[in-house]
Amino acid sequence: MTKKMIEITSLDASYANRQILYNISLDINAGEILALVGPNGAGKTTLIRTLTGVLPYTRGRIKIDGTDFGTLNHNKRSRYIAVVPQARDLPPFFTVYQTVLIGRTPYLNWLGQPGEKDHQIVKNALKLTQIDDLAGRLVGDLSGGEQQRVLLARALAQDASIWLMDEPTTNLDFHHQSHFIDVVKRLIEEKQLAVLMVVHDLNLVGCYANRVAIMHQGRVFTCGKPKEVLTEDNLSYVFNVPVQIITHPETGAPIVLPDGHNGLEKNILQERNYVN
């Protein structure tokens, strides 16, 4: 039976006296990536901020693992929810080990001192994300891909069952994007994490997400499996630009192309046997 880790019902939220989110209803299940896509200003980041408690909601309900969000204090929320932002948010003069250890903050005693258990959890997180050899390095000296894995390790050390990821691959090249998502998928399967990920690259979404929610003007326009949601009609309407969808011959994933050159991109891909 699928376990719902986040249940959002009829959610409204405002910022600076302006309503941003309208009647949002979504579920995020254990063991899956729900990708959040849409044009700039659609409300994606606002939804992430609302789920972390940074921005209060004005109507509706949020449940975290069956518990009402409003009844959880900051410490309990931190034990449930980890935020994985872009690498640019990392402190450059902390070592990798110190940065990952920050993830243990919700569990520290009243003196704020980590114990043996905390250190062991950090070491395990470093090993799972394959950066244990970087433990003594300064974060500012790492590559973008390595820094993103530091953020994953910090989330693992936090021992949270829900990860909120706001454009975590934006500053990564294709190789590091692919590796990063592969690591995330492996951890999701091993830990049965529930991941809500804001993503701009629609082709990344088509390959890796279990479900996709398209946001438009502060509302959930549609939600479902990538093949159901990433359609020419949906994307052309929401992004206000014509697109064409082709199917990857091996994975069946939808591939999104701009529809502005009389099918030139599709013809090139067909010649190279990338698509049917």
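Look up: the structure comes first, before these words.
Residues numbered from 1 in each chain as written. Predicted model: local features only at pLDDT ≥ 70, side-chain atom pairs only at ≥ 80, totals over all residues. Heavy atoms only, no water.

**Student:** Looking at this structure, how should I read the pattern of salt bridges?
**Tutor:** Two side chains bearing opposite charge may form a pair once their charged atoms approach each other closely. Applying the stated criterion across every chain yields a total of 6 salt bridges. Among the salt bridges present, the one from E32 reaches R211, with a minimum N-O distance of 2.6 Å. Residue E32 is found in strand β3 (residues 32-37), and its partner R211 is found in strand β9 (residues 211-216); the two are separated by 179 residues along the sequence. The salt bridge partner of E190 is R186, with a shortest N-O separation of 3.7 Å. Pair noted here: E190 and R186 are both in helix α6 (residues 174-191), with a separation of 4 residues, about one helical turn. (Salt bridge = Lys/Arg side-chain N within 4 Å of Asp/Glu carboxyl O. Helix = DSSP H or I, 4+ residues; strand = E, 2+ residues; numbered from the N terminus.)

**Student:** Sorry if this is basic, but what is going on with the sheet that holds strand β8 (residues 194-198) here?
**Tutor:** Strands belonging to one sheet form pairs held by backbone hydrogen bonds; the direction of such a pair is parallel or antiparallel. Spatial strand order, β6-β7-β8-β3-β9-β10: 6 strands in an open sheet with mixed pairing. Single-partner strands in this sheet number two, and they are β6 (81-84) and β10 (219-224). Strand-to-strand twist in this sheet, taken as the mean axis angle between neighbours without regard to direction, amounts to 20 degrees. Of the strand pairs in this sheet, strand β7 (residues 162-166) and β8 are connected by 5 bridges, and their pairing is parallel. For L164, the partnering residue across the bridge sits in β8 and is L196. Across the face of the sheet, helix α5 (residues 144-157) comes into contact with β6 and β7 while running at roughly 175 degrees to β6. Where α6 meets the sheet, its contacts fall on β3, β7 and β8, and the angle it forms with β3 comes to roughly 135 degrees. (Pairing = 2+ DSSP bridges. Axes fitted to C-alpha atoms, helices over the stretch in contact; angles between N-to-C directions. Contact = heavy atoms within 4.5 Å.)

**Student:** How should the packing of helix α4 (residues 116-128) against α5 be read in this particular structure?
**Tutor:** What describes two packed helices is the angle between their axes and the distance between those same axes. Relative orientation of the contacting elements α4 and α5 amounts to 140 degrees, with a least axis distance of 8 Å. Our classification of the angle between α4 and α5 gives oblique. For the element pair α4 and α5, the recorded crossing hand is right-handed. Contacts between α4 and α5 involve I121, V122, A125, L126 and L128 from the first element and A153, L156 and A157 from the second. Class assignment for the residues of the contact of α4 with α5 results in 8 nonpolar, no polar and no charged. (Parallel < 35°, antiparallel > 145°, perpendicular 65-115°, else oblique. Left-handed = near helix turned anticlockwise from the far one by under 90°. Nonpolar A, V, L, I, M, F, W, Y, C, P; charged D, E, K, R; others polar.)

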